[in-house]
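Structure assessment
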Amino acid sequence: MNVQSVPTTPFPDQQPGTAGLRRKVAIFRQPNYLQNFLQAIFDSAGDFHGATVVAGGDGRYFNREALQILAQMAAANGVARLIIGIGGLLSTPAASMLIRQRAALGGFLLTASHNPGGPEGDFGLKFNTASGGQASEAVTADIYQTTRSLSRYLIANIGSVDLDRPGEHRYGSMRVEVIDPVTGYAAMMESLFDFDRIGELLRSDFRMRFDAMHAVTGPYAEEILVRRLGAPAGTVINASPLPDFGGGHPDPNPVDAADLVHIMDGDDAPDFAAASDGDGDRNMILGRGLVVSPGDSLAVLAANATLTPGYRDGLAGVARSMPTSRAVDAVAARLGIPCYETPTGWRFFCNLLEAGLVDLCGEESFGTSSSHAREKDGLWAVLFWLDLQAATGKDVPGLIQAHWREYGRHAFCRHDYFIPDAETGRKIFAGIEGAVGTLVGAQGAGVTVGHADVFSYHDPVDGSISDHQGVRVTLTDDSRIVFRLSGTGTAGATLRIYLERFMPPDGDCSGDAAVLTADLGQAAKDMARLSELAGLDRPTGII
Ligand code: VG1
Ligand code: CO
């Protein structure tokens, strides 16, 4: 095997965001760009000599080419065994589990998740460490520092890896295993949920629709829902992964999965619907006429966890990202278990999971998961909701309404403001941070600010501190407004404003969340001075 050391010069922009390095495909395809980032990982994220490493992606445009480069560089950097999902595909949760099951040093996840794909779209890469979770902030900082002084990368002439031929083959001095990732994933799901009663439900007159959005979950959903559980053909729609996701935006939310919302609002709506995102780590849960908010989903799963085989012994604790609604806090208080509040980004849950402090975690953007993996897991959440429906005989609206009657409702909505000039966006956000001290007592849209702070997270496991993780504003009626800047975009800046209104259990908890939180949104826009500083009078997106 011929290993070449190729001279190169640093790219200044290779700082990973919330979920790895995401850039336009055209940027990733510049000569040496991907190579530099990969070499920085090989140089700084562990000893790759003789190591086992996992690789796969969400199937977006450039996935296969990037995997070939990765294989050549892995061989050159001494990797002994490379495990790749067949066709170069691995969902993010399946990759996380595989890293753990195979005791790999880590894994390369080629995904930009919900960002659009195709030649004009985005590409992304993140590195997960031996625990199966995304590299910590410290490791990520080392990788970034390494990119800044890189002068060479190593690449080996091993020919082209056949990604579609299952089995183990030698390329240069490296063994490449091309595996079917669905089998192991399905076995894990079978150990957590009662497949007999879910199967019975799905084979009855119960009708379900799962939208794979032409992304990676299609094959997983077909195997589990249709082949193993007996759901009728046609249950999984948009099932084949496409390099451009069929031109769509594989983000499971009411805007990008509007077709599904429409189906569930119609007269002929099925009993249950769900969608997942590009890399299979997020989920959206729908009942007839109802989209379950991410915070409610986490809260319902936590409150009913002992009904499922995998969680029948109860939960050690729960965690939610800071902007996620506080619905789960109420459940944790009732159960007498701890509830942790972490910054956005799944990596912050990993220490808690690893230390056994929590079993369920959830994010504000339709992401939920548990101790079975170190990433969020879309299909897992769908199976959890199916199992709860099978166990209780209630449908989604029934489960949600029972929950609100018990705990009250945390109506939740997100307003996004896209600011084309990133620098202006950063200034606006800095302005909000700077104004925190003056917000208390301020009035807006009939509400008074009771508390405001810049969120800083002290990791209880490793003691690390992550500051500037968003601004929290609590109002005297226990409503809440949260501001943060998106870390996954590839152009401009997106200010995300999360709105939450608490409705007590003894009152009327019905109504559309967007309407129920509209006045909070108005107050938030004024606090951020968005009209004045960015000329924006209304959100560019409401989710
Ligand atoms: C978004 C979500 C965040 C999530 C991140 C990665 O980040 O809001 O909750 O952790 O995507 O998820 P941001 O910084 O744009 O708000 V995924 O499914 O893209 O891996
Ligand atoms: Co994702």
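1. Here's the deal with the overall build of the chain
Tallying secondary structure elements over the chain gives 18 helices and 27 strands in all. Taken over C-alpha atoms, the radius of gyration comes to 23 Å for the chain, in line with the 24 Å a tight globule of 543 residues would show. Each principal axis of the C-alpha distribution contributes one length, and for the chain these read about 70 × 55 × 40 Å. Sorting the 543 residues of the chain into buried and exposed places 59% on the buried side. Contacts in the chain between residues far apart in sequence, at least 24 positions, make up 72% of those at least 6 positions apart. As presented, the chain carries roughly 19,500 Å² of accessible surface, and 50% of it is formed by carbon and sulfur atoms. Here the chain contributes 44 positively and 64 negatively charged side chains, and the mean placements of these two sets differ by 3 Å.

2. A closer look at empty space enclosed by the protein
Across all of its chains, the model carries three cavities of 30 Å³ or more by this definition. What the largest cavity holds in volume is close to 80 Å³. Taken together, 13 residues line the largest cavity, and the ones lying closest to its centre are Pro-16, Gly-20, Lys-126, Phe-127 and Thr-140. Sorting the residues of the lining of the largest cavity by element identifies α2 (33-44), β6 (122-129) and α5 (137-147) as the ones contributing at least two each. A total of three residues in the lining of the largest cavity trace back to one element, the largest contributor, which is β6.

3. Thoughts on the site of ligand 1
With respect to spatial proximity, 19 residues lie near ligand 1, and among them Ser-113, Ser-486, Gly-487, Thr-488 and Arg-496 are the closest. Within the side chain of Ser-365, an N or O atom sits 2.7 Å from an oxygen atom of ligand 1. Residues that form the shell around ligand 1 fall into these classes: one nonpolar, nine polar and nine charged.

4. A closer look at the packing of aromatic side chains
One pass over the full model with this rule turns up 19 aromatic pairs. When the centroid spacing of 6.4 Å and the interplanar angle of 40° are considered together, the rings of Phe-48 and Phe-108 count as tilted. Of this pair, Phe-48 sits in the loop between α2 and β3 (52-57) while Phe-108 is found in strand β5 (residues 106-110), placing the two residues 60 residues apart along the sequence. When the ring of Tyr-311 is compared with that of Trp-380, the centres are 6.4 Å apart and the planes differ by 85°; the resulting orientation is edge-to-face. In this pair, Tyr-311 sits in the loop between α10 (294-304) and β15 (318-321) while Trp-380 sits in helix α13 (residues 378-392), placing the two residues 69 residues apart along the sequence. In terms of burial, Tyr-311 and Trp-380 fall into one category: buried. An aromatic cluster is built from Phe-11, Phe-28, Tyr-33, Phe-62 and Phe-123, whose rings are joined through pairwise contacts.

5. Looking at the sheet that holds strand β2 (residues 21-24)
To summarise the sheet geometry, strands pair through backbone hydrogen bonds and adopt either a parallel or an antiparallel arrangement. Sheet architecture is open: seven strands sit in the order β2-β6-β5-β3-β4-β9-β8, paired in mixed fashion. With one partner strand each, in any of the chains shown, β2 and β8 (167-171) form the two edges of the open sheet. This sheet shows a mean twist of 20° between the axes of neighbouring strands, independent of strand direction. One ladder, built from five bridges, connects β3 with strand β4 (residues 81-89); its direction is parallel. Each residue of the ladder has a partner; that of Ala-55, found in β4, is Ile-84. Relative to the sheet, helix α4 (residues 92-101) contacts β3, β4, β5, β6 and β9 (174-179), its axis offset from that of β5 by approximately 165°.

6. A look at the pairing of β15
Covered by surrounding structure in β15 are Val-318 and Arg-320 together with Ala-319 and Ser-321, the residues of both alternating faces. Bridge count for β15 against strand β16 (residues 339-342) is four bridges, and the pairing is parallel. Bridging across to β16, Arg-320 finds its partner in Glu-341. Considered for its hand, the β-α-β crossover made up of β15, helix α11 (residues 327-335) and β16 is right-handed.

7. A few points about the coordination of the cobalt ion (ligand 2)
Binding of the cobalt ion (ligand 2) to the protein goes through Ser-113 (OG), Asp-277 (OD), Asp-279 (OD) and Asp-281 (OD), at separations of 2.0 to 2.1 Å. Ordering the donors of the cobalt ion (ligand 2) by residue number gives the pattern S-x163-D-x1-D-x1-D. With a gap of 166 residues between them, Ser-113 in the loop between β5 and β6 and Asp-279 in the loop between β12 (272-276) and β13 (283-287) connect regions that are remote in the sequence. We note that Ser-113, like Asp-279, is buried.

8. Things to note about unusual backbone geometry
Despite not being glycine, Asn-32 has its phi angle at roughly 75°, a positive value. Counting through the fold element by element, Asn-32 comes out in the loop between α1 (25-28) and α2. Even without glycine at this site, Phe-366 takes up a positive phi of about 70°. By secondary structure assignment, the location of Phe-366 is in the loop between β17 (360-363) and β18 (367-370).

9. What about the nonpolar core?
Here is a general trend for soluble globular proteins: nonpolar side chains tend to be buried in one another's company. Core analysis: the largest hydrophobic core is formed by 74 residues, its most contacted members being Trp-380 and Leu-386. The leading source of residues in this core is α13, at nine residues. Setting aside its immediate chain neighbours within four residues, Leu-386 contacts Ile-198, Leu-201, Leu-202, Phe-206, Met-208, Leu-225 and Phe-272. Counting residues in each nonpolar core, the second largest holds 46 residues, with Ala-45, Val-53, Ala-66 and Leu-110 among its members.

Parameters at a glance
Here the residue numbering is sequential within each chain, running from 1 through the sequence in written order. Naming scheme: in the order in which they are written, chains are lettered from A and ligands are numbered from 1. Only residues with pLDDT of at least 70 get local features here, since the model is predicted, and only at 80 or more are side-chain atom pairs given and counted; chain-wide, interface and lining totals rely on the full set of residues. The side-chain figures draw on all heavy atoms in the structure; neither hydrogens nor water molecules are used. Under the scheme used here, helices are H or I runs from DSSP no shorter than 4 residues and strands are E runs no shorter than 2 residues, and both carry numbers assigned from the N terminus. All radius of gyration figures rest on C-alpha atoms, and the globule criterion is 2.2 Å times the number of residues raised to 0.38. Three exposure classes are used, based on accessible area relative to the maximum for each residue type with a 1.4 Å probe and protein chains only: buried under 20%, partly exposed in between, and exposed over 50%. For this analysis, residues touch if any pair of their heavy atoms sits within 4.5 Å. For the area figures, the Shrake-Rupley method with a 1.4 Å probe applies, and any residue is considered shielded solely by the protein chains shown. The charge count includes Lys and Arg as positive and Asp and Glu as negative, but it does not include His or the ends of the chains. One atom stands in for each charge, and that atom is NZ of Lys, CZ of Arg, CG of Asp or CD of Glu. A pocket here means an open set of points on a 1 Å grid, computed over the protein atoms alone, that has protein on both sides within 12 Å along at least five of seven lines. A cavity is instead a set of points where a 1.4 Å probe fits but cannot get out; residues with an atom within 4 Å of a point line either one. Grid points are joined across faces, edges and corners, and a volume is the space filled by probe spheres set on the points. Any residue with a heavy atom lying within 4 Å of a molecule or strand is counted as near it. Identification of polar contacts relies on pairs of N or O atoms within 3.5 Å, with a donor-acceptor requirement for protein atoms, meaning one able to donate a hydrogen and the other able to accept it, and with residues adjacent in sequence counted only if both atoms are side-chain atoms. Residues are grouped as follows: nonpolar covers Ala, Val, Leu, Ile, Met, Phe, Trp, Tyr, Cys and Pro; charged covers Asp, Glu, Lys and Arg; every other residue, Gly included, is treated as polar. Each aromatic pair joins two rings of Phe, Tyr and Trp (for Trp, the six-membered one) with centres within 6.5 Å, and gets the label stacked for planes under 30 degrees apart, edge-to-face for over 60, and tilted for any other angle. A strand pair is defined by DSSP finding two or more bridges across the two strands. Axis definition: a line fitted to C-alpha atoms, limited for helices to the stretch in contact. Angles are taken between N-to-C directions and run from 0 to 180 degrees. Here a crossover is taken to be right-handed if, once the strands point away from the viewer, the path from the first strand over the helix to the second is traced clockwise. A 2.8 Å cut-off from the metal defines N, O and S donors, relaxed to 3.2 Å for Na, K and Ca; water is not in the atom list, so some sites may appear incomplete. Definition of nonpolar core: a set of buried residues of the types Ala, Val, Leu, Ile, Met, Phe, Trp, Tyr and Cys, connected through side-chain atoms within 4.5 Å.

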